[in-house]
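A closer look at the structure
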Amino acid sequence: MATPLRRSTLSLLALVGLLAAAPAMANGWEHGAIPFTALTDALKTGDDATRARAARSLGFRGQREAVPPLLAALARGDDSPQARSAYYLALGRLGDPRALPALAACLDGGEARRELRADCAGALGLVGDPAGLSAL
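Here the structure is a predicted model, which means the values were calculated and not measured. (Residues numbered from 1 in each chain as written. Predicted model: local features only at pLDDT ≥ 70, side-chain atom pairs only at ≥ 80, totals over all residues. Heavy atoms only, no water.)

**Thoughts on helix α5 (residues 81-94)**
For α5, with 14 residues, the first-to-last C-alpha span of 20 Å sits near the 20 Å given by 1.5 Å per residue. Taking burial as the measure, the 14 residues of α5 include 10 buried ones, the bulk of the element. Restricting attention to buried positions, one finds in α5 the residues A83, R84, S85, A86, Y87, Y88, A90, L91, G92 and L94. Elements in contact with the buried residues of α5: α3 (48-61), α4 (67-75), α6 (100-110) and α7 (114-127). (Helix = DSSP H or I, 4+ residues; strand = E, 2+ residues; numbered from the N terminus. Expected span 1.5 Å × (residues − 1). Buried < 20%, exposed > 50% of the residue type's maximum accessible area, 1.4 Å probe, protein only. Contact = heavy atoms within 4.5 Å.)

Next up, the structure:
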């Protein structure tokens, strides 16, 4: 028969085992399980929330090949502030200097909404390239 200490130790070990095996998830998606092309396709279609979640997943995955599809999504002029915010933040997380012109344009009158300009400034900081300082 297990003692209370042994039961609590086994419970703790079971919990740690479950957490260690959990997939990388945020915003309800298991990022690694979704094919890259499905995420980039989701940037072009679907509702605002789907486009935003796809962008967040692309930023989380860290694959720099996501930069061109994210820049293309911005160039299409998405009407959704939620989606545009996710595009900017994903570009920042990816840390690729190719995003600097789009982020600088955002701050230089490309975005009327204050919260989106704040996202752009944060994304510039995440890119961490000194060339982005002039935009700030």
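**A word on α3**
Residues lying three or four places apart along an α-helix face the same way, a consequence of the helix completing one turn every 3.6 residues. An ideal rise of 1.5 Å per residue puts 20 Å on 14 residues; α3 measures up with 20 Å between its terminal C-alpha atoms. Taken together, the buried positions of α3 are occupied by R51, A52, A54, A55, S57, L58 and G59. Directly beyond the C-terminal end of α3, a positive phi value near 80° is found at G62.

**A short note on the nonpolar core**
Among the nonpolar cores identified, the biggest contains 29 residues, and L43, A55, L58, L70, Y87, Y88 and L103 are the most heavily contacted of them. When residues of this core are traced back to their parent elements, those giving at least two are α2 (36-42), α3, α4, α5, α6 and α7. Tallying contributions element by element places α5 first for this core, with 7 residues. (Core = buried A, V, L, I, M, F, W, Y, C linked by side-chain atoms within 4.5 Å.)

**Observations concerning the state of the cysteines**
Evaluation of the coordinates by the stated rule reveals 1 disulfide. Residue C106 pairs covalently with C120 via a disulfide, S to S 2.0 Å. Across the disulfide from C106 to C120, rotation about the S-S bond amounts to roughly 95°, and the bridge is consequently right-handed. Of this pair, C106 sits in helix α6 while C120 sits in helix α7, and the two are 14 residues apart along the sequence. (Disulfide = S-S within 2.5 Å.)

**Quick notes on the confidence of the model for the protein chain**
Averaged over all residues, the pLDDT of the protein chain equals 82, while 77% of them reach at least 70. Counting interchain partners and residues more than four positions distant, the pLDDT-below-50 stretch residues 12-25 has 7 contacts. (pLDDT = per-residue confidence, 0-100.)

**Some remarks on the packing of α6 against α7**
A pair of packed helices is captured by two measures, namely the crossing angle of their axes and the spacing between those axes. At a minimum axis separation of 9 Å, α6 and α7 run at an interaxial angle of 145°. Both α6 and α7 take part in a crossing whose hand is left-handed. Listed contacts from α7 to L100, L103, C106 and L107 of α6 are L116, R117, C120, A121, A123, L124 and V127. Its residues placed into classes, the contact of α6 with α7 shows 10 nonpolar, no polar and 1 charged. (Axes fitted to C-alpha atoms, helices over the stretch in contact; angles between N-to-C directions. Left-handed = near helix turned anticlockwise from the far one by under 90°. Nonpolar A, V, L, I, M, F, W, Y, C, P; charged D, E, K, R; others polar.)

**A short note on the side chain of R51**
Of note, R51 is situated in helix α3. Separated by 2.6 Å, the side chains of R51 and D48 make a polar contact. (Polar contact = N/O pair within 3.5 Å; in protein donor to acceptor, adjacent residues only side chain to side chain.)

**Brief notes about the environment of G59**
Tracing the backbone through its elements, the reader meets G59 in helix α3. The residues contacting G59, other than those within four sequence positions of it, are A90, R93 and L94.

**Here's the deal with the pattern of salt bridges**
Tallied over the full model, the rule gives 6 salt bridges. K44 is paired through a salt bridge with D41; the nearest N and O atoms lie 3.7 Å apart. Judged by its relative accessible area of 41%, D41 falls in the partly exposed class. The residue R51 makes a salt bridge to D48 at a minimum N-O spacing of 2.6 Å. Within this pair, R51 and its partner D48 are both found in helix α3, separated by 3 residues, close to a single helical turn. Salt bridges sharing common partners tie together D48, R51 and D78. (Salt bridge = Lys/Arg side-chain N within 4 Å of Asp/Glu carboxyl O.)

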